[in-house]
Structure formats: structure tokens, C-alpha cells
Amino acid sequence: MVRGGLLVTMIVLGCGGTPAPSAGAPAVGRLAAGAGHTCVIDAGGVARCWGSNVDGQLGDGADTDALSPRVVAGPAADRALAAGSYHACAITAGRQVACWGWNANGQIGDGSRQNQRQPFTLDGLGEVEAIAAGSYHSCAVVRGGTARCWGHNDAGQLGDGSTVDRPAPVDVFSLPPATALAAAGRHACALIEDATVQCWGENDAGQLGNGGTDPQSFPGPVDGISDAVAVAAGFNHSCTLRATGAVVCWGANSHGQLGDGTTTDRAAPVAVEGIATAVALAAGYNHTCAALADGQLLCWGWNAGGQLGDGTTDDRPTPVRVLGLASVVAVTGGGFHTCAVTAGRSLHCWGSNESGQLGDGTSTDRPVPTLVPEVRM
């Protein structure tokens, strides 16, 4: 996998960023995908990861790739997960954050820039309610709604008013109380308690949603959003699930990842075509997916690895149905792969599989969903 700025967002269902349920409950917040790796918290409350591991992003203490799930070492991560390009973070049973993997920009939060092949537990964050991981930065919401971020900050993606990397958490400046976060390539967004959305960081494609393209190192509101229930972010695009079940997106659109039928970048939110009953939302590098109330899963945008799950590798500027899946309750987007959980608690992944990130025991790409046989959610 070529090193580049990929991110992955945490999955959302109904209201993004809420703490994951206890072991045995439906898989909300319990799966995450990175550039070439995937992590879950299974039905037994065990954190498992698979795929690329060159930087220790599987958290098992090794540096060899895995074609099937491996158990993450260290503290029990039984509440929620998030995955960045080459690192991952989890909320532990004690509501602390533990991170592992690549740390060149301080995204692990341990005060250093040394990779961590096993989870490192951050001190002093407070009681954590939600987490997110971007390309090379990480963020958390603590009890009371305060957001804190750490890691790469060249575009102001930590929201502290500077562009200085931070190897330990700093408060996001002037952000109202938040309930969830989405961390992206070089920007981040927060779902605010009043159902608005605020974003900060890079804005070259309009991914902050404020009508302009100037970056900002502190939060600002997204235009026209007052009924958000979830937020997701790709490398340089962002999306919100509205209380009505509609989805709106903004930012880069070169592969149709905004779902408006064009490939034109948008500096303010536009409606995704044909979606009115969405209940879950996720964004990968340049693709986006939404689960509908009837259990269907729709995806759109970049499809070079088959990550849209429609049996092709053709980009789609409007939503297409993922083949062979029904009763989807959770979804996550990676670099060039996607994973989803069904109501029967089975996990399915599809798209690029060069590092084994689909978890099916092979390195064969799959343009349609394939079962991860060793995992029950």
C-alpha cells in the first residue's frame, strides 16, 4: 500500500458517536477500516484486527500482515473503535482511549513519534464518549462534550488554532459541546448537541462546508445544517445524515463521492440523490455508503478496488445497491474496501484485498461482499 493521505471514519447508526453497546449487542461503533486494515470488537467483546501491519496497526505486537483476524493485545477495547490510515484507537472498558500503529505525527498520543505495535493507553483525557481517527490524527469527545485531538496538524485539523503537530491531546478551540466526531484526511467535523455540524482544517475542495475554500485551524459551522444526527468524513469530503433520513455531502467530488450525480466539487452541502430513509452512514477515502431503513446498503463514488460492492470497478456518481446483502445495521469505509454488519451479526467485506483487509483468508480483491468467517458481531 502506497503511503498517502487516507482516512477512515467511524461508522454511525442513527446518532453518530454514541458509546458502543456492551458485548453481545448489535455492532454499532464496533468496526472500523483503515488504508489496508480492518478492526472490530466481536460479540464476545474481543478486539480483533487484520490486513496490513507494517506499522503495527493490528495491535498484536507484530509487524506481519494478517489474512484473517488477530486478537489485539493489551487492555480490553470493548466499547468502540476507530481506524486511521495506519493506526487505530479504541475506547476501553474504563472509558479511556488506547491507540496503536503508525506514530510519525504523534497520532498515538503518547507524547512521542515512535510506532506502537500494541495499544498505548492515554492518560488525562477524561471519561471518553466517542472517538475518531483521521489519516494521521486522532480525536475524542469526553463527558460534557469537550473535543480533544492530537497528531498531524499541518492544515489545522486539530482545531486548536495552530498548525503545529501535537503528540498529546489538545482541546479543540471554542467548539460547542459535541456528541460525535469524524476525522478525515486533513480536516475534522463534529456533531454538536444542537444538531448542527462544525468542521475545521483543510478546505481546498470545500470540505468544511462553509461556502469557501480557505483552511481554518478552528471550528466553524457547516452551511444550512440544523437537523444532523450523524457525521462522516472521507479524505477531503464530508457528509451528514439528517433527521429526515436524507443525506447531504460536500467537498471533493472527483469520483462522484458526494452522490449528487456530478463530479463537481461542492463548498456547501448538496443532497445525495435518491436517499430519503438512511439510518447509517460511512465514508472511505473517496467513496460513501448509507444503510437504509429497509436494510439495503447503498454506496457511491470511487470504485477502483470494487469498494462499492456492485460487482464492477466503475465509479458511481449516484448511489448503487451493494449486491448480496440485506438487513445491514452498520457500515465502515476504508481506503479501497468497505465492511458491513447484518442483523444476523455476520460481518462482510469487499473491495481491495492486497493486504488481507477483507479477512477472508485470501489476498484476492472482491467486488461483491464476502463473509469474514472467523468473526461474529
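Up top is the structure.
The notes below deal with the structure included here.

A few words now on the environment of Ile275. The residue Ile275 is located in the loop between β21 (266-271) and β22 (278-283) in this model. Taking C-alpha positions, Ile275 is 8.2 Å from Pro319, a pair spaced 44 residues apart along the chain. In contact with Ile275, not counting residues within four places along its chain, are Gly245, Ala246, Val247, Ala290, Leu292, Leu298, Trp300 and Pro319.

Here a disulfide denotes one covalent bond, and it connects the sulfur atoms of two cysteines. This structure, assessed with the given rule, holds seven disulfides. Between the sulfur atoms of Cys39 and its disulfide mate Cys49 the distance is 2.1 Å. A torsion of 110° about the S-S bond marks the disulfide between Cys39 and Cys49 as right-handed. Of this pair, Cys39 sits in strand β3 (residues 37-41) while Cys49 sits in strand β4 (residues 47-51), placing them 10 residues apart in sequence. Here Cys39 matches Cys49 in class, with each residue buried. For Cys89, the disulfide goes to Cys99, at an S-S distance of 2.1 Å. Between Cys89 and Cys99, the S-S torsion sits near 105°, and that sign places the bridge as right-handed. With Cys89 in strand β7 (residues 87-91) and Cys99 in strand β8 (residues 97-101), the pair connects residues that are 10 residues apart, well separated along the chain. Grouping residues by exposure puts Cys89 and Cys99 together as buried.

Here we have four strands laid out as an open sheet, ordered β10-β11-β12-β13, and antiparallel in their pairing. With partners counted over all chains shown, the strands left at the sheet margins are β10 (128-133) and β13 (166-171), one partner each. Direction aside, the axes of adjacent strands within the sheet are offset by 15° on average. Two elements, strand β12 (residues 147-151) and β13, share three bridges in a ladder whose sense is antiparallel. In the strand pairing of β13, Arg148 is matched with Asp171.

Another point: the environment of Thr213. As for its placement among the helices and strands, Thr213 is situated in the loop between β16 (197-201) and β17 (216-221). Considering only alpha carbons, one finds Thr213 and Asn203, 10 residues apart in sequence, at a separation of 4.9 Å. Those residues in contact with Thr213, other than ones at most four positions away along the chain, are Asn203, Asp204 and Gly206.

According to the stated counting rule, one finds 14 salt bridges in the structure shown. Here Arg48 and Asp42 are joined by a salt bridge, their closest N and O atoms 2.7 Å apart. Residue Asp42 is classed as buried on the basis of its relative accessible area of 9%. Where Arg366 meets Asp360, a salt bridge forms, and the shortest distance between an N and an O atom there is 2.9 Å. We classify Asp360 as buried; its relative accessible area is 16%. In the salt-bridge network here, residues are joined through shared partners; they are Arg95, Glu127, Glu129 and Arg143.

Here four strands make up an open sheet; going across it, the order is β26-β27-β28-β29 and the pairing antiparallel. Every other strand in the sheet has two partners, leaving β26 (328-333) and β29 (366-376) as the edge strands with one partner each. Averaged over all pairs of adjacent strands, the angle between their axes in this sheet comes to 25°, without regard to strand direction. Note that β26 and strand β27 (residues 337-342) share five bridges and pair antiparallel. The residue bridging Ala330 from the neighbouring strand is Val341, located in β27.

Glancing now at the packing of aromatic side chains. Evaluated as defined, the whole model comprises seven aromatic pairs. An angle of 50° between the planes, with centres 5.6 Å apart, marks the rings of Tyr285 and Trp302 as tilted. Placement of Tyr285 in the loop between β22 and β23 (287-292) and of Trp302 in the loop between β24 (297-301) and β25 (316-321) is noted, with a sequence separation of 17 residues between them. The structure contains a cluster of three or more aromatic residues connected by ring pairs, namely Phe235, Tyr285, Trp302 and Phe336.

The rules behind the values
- Residues numbered from 1 in each chain as written.
- Predicted model: local features only at pLDDT ≥ 70, side-chain atom pairs only at ≥ 80, totals over all residues.
- Heavy atoms only, no water.
- Helix = DSSP H or I, 4+ residues; strand = E, 2+ residues; numbered from the N terminus.
- Contact = heavy atoms within 4.5 Å.
- Disulfide = S-S within 2.5 Å.
- Buried < 20%, exposed > 50% of the residue type's maximum accessible area, 1.4 Å probe, protein only.
- Pairing = 2+ DSSP bridges.
- Axes fitted to C-alpha atoms, helices over the stretch in contact; angles between N-to-C directions.
- Salt bridge = Lys/Arg side-chain N within 4 Å of Asp/Glu carboxyl O.
- Phe/Tyr/Trp six-rings, centres within 6.5 Å; stacked < 30°, edge-to-face > 60°.

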